[in-house]
Amino acid sequence: MAGMYDRINRKIDYMRISVTDRCNMRCVYCMPLDGVRGLDHEDILSYEEILRIAHVAATLGISKIRLTGGEPLIRKGLTGFIRQLAALDGIEDLSLTTNGTLLEAKAGELADAGVTRINVSLDSLNPERFRELTRGGELEKVMRGIEKAEALGFVPIKLNMVPVRGINDDEIEAFARLTLEKPYHVRFIEFMPIGDRKMWDESKVVPTSEVRARIEALGDLSPVENPGVKGPATLFRLPGAKGIIGFISPVSDHFCGSCNRLRLTADGKLRPCLFSESEIDLKTSMRAGCDDDELARLMVVALNVKPEGHNMADGVKKSYGRTMSKIGG
Ligand code: SAM
Ligand code: SF4
């Protein structure tokens, strides 16, 4: 397969697909208290439409797909859809990002359907705080989901933690210590200016340099080669740890030079960069009857407008219109 390259020769082989903008939680940094207005049912891509887009993308060179949302596990019929997605020619890696609330019930069917890797977002190990942070989430349930996924052999299980100053940054060390006992990849992700503008300000970002320094007080961090699919995390291990610690630094040290992804929103917009508002509307063209060649052409247009980089670190004067739940985080 020739592969797909953008105008600065980055190989684009990864698509994140948001299957819904809805969520069963309301994390304080992701959604405003009163939620965000959900898309109307008819505005959401059907599974058939997503499969068609994935098929055309695979013919162009996309080989890895991650399903996300909103909360992907709340969409009805997901498992059947995943089975069809996994069967598409050219799709070699199918993963999923979830808040974990429905994982205990669904991990088995996800494995059967062809999901190979699962990321769980987890921002507190304290049940009370978890409830506050997610506005109602039950930590126990998520932990049982993670254990179920582990028992089913999902490897590695990645836990994504967004430290927000004054909210959960006092748990950085506890999350790092989790890797001493468990084979998880615990990844610390910088808080980005996306979503509720009232929530984000620069002082709440805990930069990777600070997270790292705090973890180094627990023990030396040795670099680890990325064992699997390459991603934006830089990886380390504490002495004797079973798991791995990762740092993802979109604010302080963006990784645009090696960005390999496109995003498909639940309402059918192809988004070449998380931090750029440009979107290519695939849904409208598909519903107007375009053929697969035209769909492929639109994907190439998205590649051509993919920015070289973003400059979020410059004071981040703007926040980005859609929340992560709307873009597909
Ligand atoms: N609901 C699923 C979940 O929480 O894993 C999938 C969608 S969620 C939008 C994907 C990821 O986006 C989560 O790991 C969440 O922590 C992250 N996220 C949301 N808003 C963010 C922000 N402003 N900065 C950094 N990460 C954010
Ligand atoms: Fe829902 Fe995920 Fe956003 Fe939390 S981070 S509100 S779980 S979409």
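The preceding data block contains the structure.
First, a word on scope: everything that follows refers to the structure included in this document. (Residues numbered from 1 in each chain as written. Chains lettered and ligands numbered in written order. Predicted model: local features only at pLDDT ≥ 70, side-chain atom pairs only at ≥ 80, totals over all residues. Heavy atoms only, no water.)

Notes on helix α1 (residues 47-60)
Short version of the rule: Numbering of helices and strands runs from the N terminus, with a helix taken as a DSSP run of H or I at least four residues long and a strand as a DSSP run of E at least two residues long. Helix span, as expected, comes to 1.5 Å for every residue beyond the first. In this scheme, a residue with accessible area under 20% of its type's maximum is buried, one over 50% is exposed, and one in between is partly exposed, where area comes from a 1.4 Å probe on protein chains only. Contacts are residue-level and defined by heavy atoms, with any inter-residue pair within 4.5 Å sufficient.
For α1, with 14 residues, the first-to-last C-alpha span of 20 Å sits near the 20 Å given by 1.5 Å per residue. Taken together, the buried positions of α1 are Y47, E49, I50, L51, I53, A54, V56, A57 and A58. Here the buried face of α1 lies against β1 (14-18), β2 (64-68), α2 (78-86), β10 (261-264), α8 (282-287) and α9 (292-304). Where α1 ends, the next residue or the one after it, G61, has phi of about 135°, a positive value.

Quick word on the site of ligand 1
Applicable threshold: By convention in this text, a residue qualifies as near a molecule or strand provided that one of its non-hydrogen atoms is within 4 Å of it. Polar contact is the term for a pair of N or O atoms within 3.5 Å; when the atoms are in protein, one must be able to donate a hydrogen and the other to accept it, and sequence-neighboring residues count only if both atoms are side-chain atoms. Only the protein chains shown count as cover for residues, and all accessible areas are computed by the Shrake-Rupley method using a 1.4 Å probe.
Around ligand 1 lies a shell of 18 residues, among which Y29, G70, S121, M192 and M324 are the nearest. Within the contact set of ligand 1, an oxygen atom lies 2.6 Å away from a side-chain nitrogen or oxygen of Y29. For ligand 1, whose unbound accessible area comes to 550 Å², protein coverage reaches 95%. Broken down by secondary-structure element, the contributors of at least two residues to the shell around ligand 1 are β3 (93-98) and α10 (324-327).

Focus: the pairing of β10
Quick note on the threshold: Here, any two strands with at least 2 DSSP bridges between them count as paired.
Burial of the side chains of β10 extends over both faces: R261 and R263 are buried on one face and L262 and L264 on the other. One ladder, built from four bridges, connects β1 with β10; its direction is parallel. Its bridge partner being in β10, Y14 is matched across the sheet by R261. Bridging between β10 and strand β11 (residues 269-271) involves two bridges; their strand directions are antiparallel. Along β11, the bridge assignment pairs L264 with L270.

Comments concerning the side chain of N168
Within the secondary structure layout, N168 lies in the loop between β5 (157-161) and α6 (172-181). There is a polar contact of 3.0 Å between the side chain of N168 and the backbone oxygen of V162.

Here we look at the nonpolar core
Burial of nonpolar side chains together is a common tendency in soluble globular proteins. Basically, it comes down to this: In this text, buried Ala, Val, Leu, Ile, Met, Phe, Trp, Tyr and Cys residues form a nonpolar core when linked through side-chain atoms within 4.5 Å.
L67, F81, L110, F188 and I215 are the most contacted members of the largest nonpolar core, which totals 91 residues. Take this core: its biggest share by element is eight residues, from α1. Residues in contact with I215, not counting those within four places in the same chain, are I172, A176, F188, L221, L238, I245 and F247. I194, V251, C273 and L274 belong to the second largest nonpolar core, which has seven residues in total.

A look at the packing of α2 against helix α3 (residues 103-113)
Axis angle and axis distance: for two packed helices, these are the angle between their axes and the distance between the axes, and together they describe the pair. As a reminder of what qualifies: The angle between two axes is taken between their N-to-C directions and runs from 0 to 180 degrees, where each axis is a line fitted to C-alpha atoms and a helix contributes only its stretch in contact. An angle below 35 degrees is read as roughly parallel, one above 145 as roughly antiparallel, one from 65 to 115 as roughly perpendicular, and any other as oblique. Take the far helix as the reference: if the near one is turned anticlockwise from it by less than a right angle, the crossing is left-handed, and if turned clockwise, right-handed. In the scheme used here, Gly and all other residues not listed as nonpolar or charged are polar, with Ala, Val, Leu, Ile, Met, Phe, Trp, Tyr, Cys and Pro taken as nonpolar and Asp, Glu, Lys and Arg as charged.
Put simply, α2 and α3 touch, their axes get as near as 8 Å, and they point 25° apart. Taken as axis vectors, α2 and α3 run roughly parallel relative to one another. Read as a crossing pair, α2 and α3 show a hand that is right-handed. The residues of α3 that touch α2, namely those facing L78, T79, I82, R83 and A86, are E109, L110, D112 and A113. When the residues that make up the contact of α2 with α3 are grouped by side-chain class, the tally is five nonpolar, one polar and three charged.

Some details on the packing of aromatic side chains
Defined as follows: In this analysis, rings of Phe, Tyr and Trp, with Trp reduced to its six-membered ring, are considered paired at centre separations within 6.5 Å, and the interplanar angle assigns stacked below 30 degrees, edge-to-face beyond 60, and tilted for intermediate values.
With the rule as written, the count across this model stands at five aromatic pairs. Between F236 and F247, the aromatic rings sit 5.7 Å apart at their centres with planes inclined by 50°, giving tilted as the arrangement. With F236 in strand β8 (residues 234-237) and F247 in strand β9 (residues 244-248), the pair connects residues that are 11 residues apart, well separated along the chain. Across the pair, F247 and F236 agree in class, each one buried.

Read these as geometric descriptors, not functional statements.
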